[in-house]
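# Tertiary structure, described
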Amino acid sequence: MSTCSIPHTHQFSTSSPQQLVQALGRLQAQTPPTQLGSVYIYDLIEQRTLCASCSVGAMLGYTTEAIATMGPVGLANLIHPDDLDSVSEHYQQFAVLQPGEVISINYRMQQVNGTWRWLHSQETPLVTAIDGFPLQILGIIQAIAQPTMTHLRDLLDQTSLANVAN
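We now turn to the structure provided with this report. Just so we're clear, the structure is a prediction, and the values are computed from it rather than from any experiment.

### Points about the overall build of the protein chain
Looking only at helices and strands, one finds five helices and seven strands in the protein chain. The linear arrangement of helices and strands in the protein chain, starting from the amino end, is β-β-α-β-β-α-α-α-β-β-β-α. Every one of the 166 residues in the protein chain was classed for burial, and the buried ones make up 35%. Restricting to contacts in the protein chain with at least 6 residues of sequence separation, those with at least 24 account for 55%. Approximately 10000 Å² of the protein chain is accessible, and the part contributed by carbon and sulfur atoms is 57%.

Below you can see the structure in the form of structure tokens.
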């Protein structure tokens with residue numbers, strides 16, 4: 001692992017090709033081989049996708065031009081309103097992810113035809129700061145036919161808690 005320094009920002013450790021293969025292996029071990037999706041690298045500092053094998057927008061039927069007109073928030077506007085809190089909590093977990101740890105989430109995004117598509121995302125740290133803070137995340141996002149029972153229970157629990165609070 002080599003160490004780099006970026007002036008006025010963070011010191012970080014870069015991943016070797018071997019570490020990238022190991023990280024992909026961790027994600028693939030938890031991914032059914034029959035599901036197609038996209039592998040991506042997301043930069044937590046710049047808050048943007050650095051590269052992806054297929055854009056999420058394309059998975060949902062959007063053209064590159066349509067995505068560009070969505071502005072800086074972009075695809076986040078397409079997350080189902082009932083899933084916003086759980087997606088936000090998922091992204092907050094990135095701050096405490098340990099090397100080798102994999103987190104996952106199921107959520108809905110709106111397709112170009114207006115219907116909702118279930119997606120399953122799994123992420124693991126790829127590049128970390130010297131102190132272990134994740135700087136870049138390696139992820140796999142897949143369209144799924146239906147949510148898992150665990151996710152349905154989570155949605156019901158969230159709804160029940162919201163009703164109690166109101």
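Moving on, there is more to tell.
### Describing the packing of aromatic side chains
The final tally for this structure, using the stated rule, is two aromatic pairs. Measuring from centroid to centroid gives 5.1 Å for Tyr91 and Phe94, while their planes differ by 85 degrees, and the two rings are edge-to-face. One aromatic cluster is present, built from ring pairs that chain together Tyr42, Tyr91 and Phe94.

### As for the environment of Glu89
Along the chain, the position of Glu89 falls in helix 4 (residues 84–92). In the structure, Glu89 is positioned 16 residues away from Ile105 in sequence and 10.0 Å away in space, judged by C-alpha atoms.

### Digging into unusual backbone geometry
Despite not being glycine, Gln47 shows a phi value in the positive range, around 55 degrees. By the secondary structure assignment, Gln47 is in the loop between strand 3 (37–43) and strand 4 (48–52). According to the relative accessible area criterion, Gln47 is exposed, its value standing at 52%.

### Observations concerning the pattern of salt bridges
Inspection of every chain in the model, using the stated rule, returns two salt bridges. A salt bridge links Arg48 to Glu46; the shortest N-O distance between them is 2.6 Å. Residue classification places Arg48 among the partly exposed positions, given a relative accessible area of 42%. Asp83 is paired through a salt bridge with Arg108; the nearest N and O atoms lie 2.9 Å apart. Note that Asp83 is positioned in the loop between helix 3 (64–68) and helix 4 and Arg108 in strand 5 (residues 103–110), a separation of 25 residues in sequence. Considered together, Asp83 and Arg108 belong to a single accessibility category, that of buried residues.

### Description of the pairing of strand 3
In terms of burial, strand 3 is a largely internal element, five of the seven residues being buried. Bridging between strand 3 and strand 7 (residues 134–144) involves seven bridges; their strand directions are antiparallel. Of the residues in strand 7, the one forming a bridge with Ser38 is Ile141. Bridge count between strand 3 and strand 4: four bridges; the pairing is antiparallel. What sits directly across from Asp43, in strand 4, is Arg48. Hairpin connection of strand 3 to strand 4: four residues between the antiparallel strands, including Gln47 at a positive phi of 55 degrees.

### Some details on the layout of surface pockets
Over the atoms rolls a probe the size of a water molecule, and in doing so it shows where empty space is left. In this structure, the largest pocket spans a volume of roughly 900 Å³. If you go around the largest pocket, you meet 31 residues; those closest to its centre are Tyr42, Thr49, Leu75, Ala76 and Tyr91. Mapped by element, the contributors of at least two residues to the lining of the largest pocket are strand 3, strand 4, helix 3, helix 4, strand 5, strand 6 (116–129) and strand 7. Here the residues of the lining of the largest pocket sort into 21 nonpolar, eight polar and two charged.

Reading the values: rules and limits
Positions within a chain are numbered from 1, following the residues in the order the chain's sequence is written. For a predicted model such as this one, the threshold for reporting local features is a pLDDT of at least 70, and the threshold for listing and counting side-chain atom pairs is 80 or more; totals across whole chains, interfaces and linings nevertheless cover every residue. Water and hydrogen atoms were dropped before computing side-chain values, which therefore reflect all heavy atoms in the structure. By definition, any uninterrupted DSSP run of H or I lasting at least four residues is a helix, any uninterrupted run of E lasting at least two residues is a strand, and each is numbered from the N terminus. Between buried and exposed lies partly exposed: a residue is buried under 20% and exposed over 50% of the maximum accessible area for its type, with that area taken using a 1.4 Å probe on protein chains only. Note on definitions: a residue-residue contact is assigned when non-hydrogen atoms from the two residues lie within 4.5 Å. Where accessible areas are quoted, they stem from the Shrake-Rupley method and a 1.4 Å probe; at the residue level, only the protein chains shown are allowed to cover. Here the aromatic set is Phe, Tyr and Trp, taking the six-membered ring for Trp, and pairing holds for ring centres within 6.5 Å; pairs whose planes are under 30 degrees apart are stacked, those over 60 apart are edge-to-face, and all others are tilted. Salt bridges are counted wherever a side-chain nitrogen of Lys or Arg sits within 4 Å of a carboxyl oxygen of Asp or Glu. By the convention used here, strands pair only if DSSP detects at least 2 bridges between them. The definitions used throughout rest on a 1 Å grid laid over the protein atoms alone, on which a cavity is an enclosed set of points accommodating a 1.4 Å probe that cannot get out and a pocket is an open set flanked by protein within 12 Å on both sides along at least five of seven lines; lining residues are those having an atom within 4 Å of a point. Grid points are joined across faces, edges and corners, and a volume is the space filled by probe spheres set on the points. In this classification, the charged set is Asp, Glu, Lys and Arg, the nonpolar set is Ala, Val, Leu, Ile, Met, Phe, Trp, Tyr, Cys and Pro, and all remaining amino acids, among them Gly, are polar.

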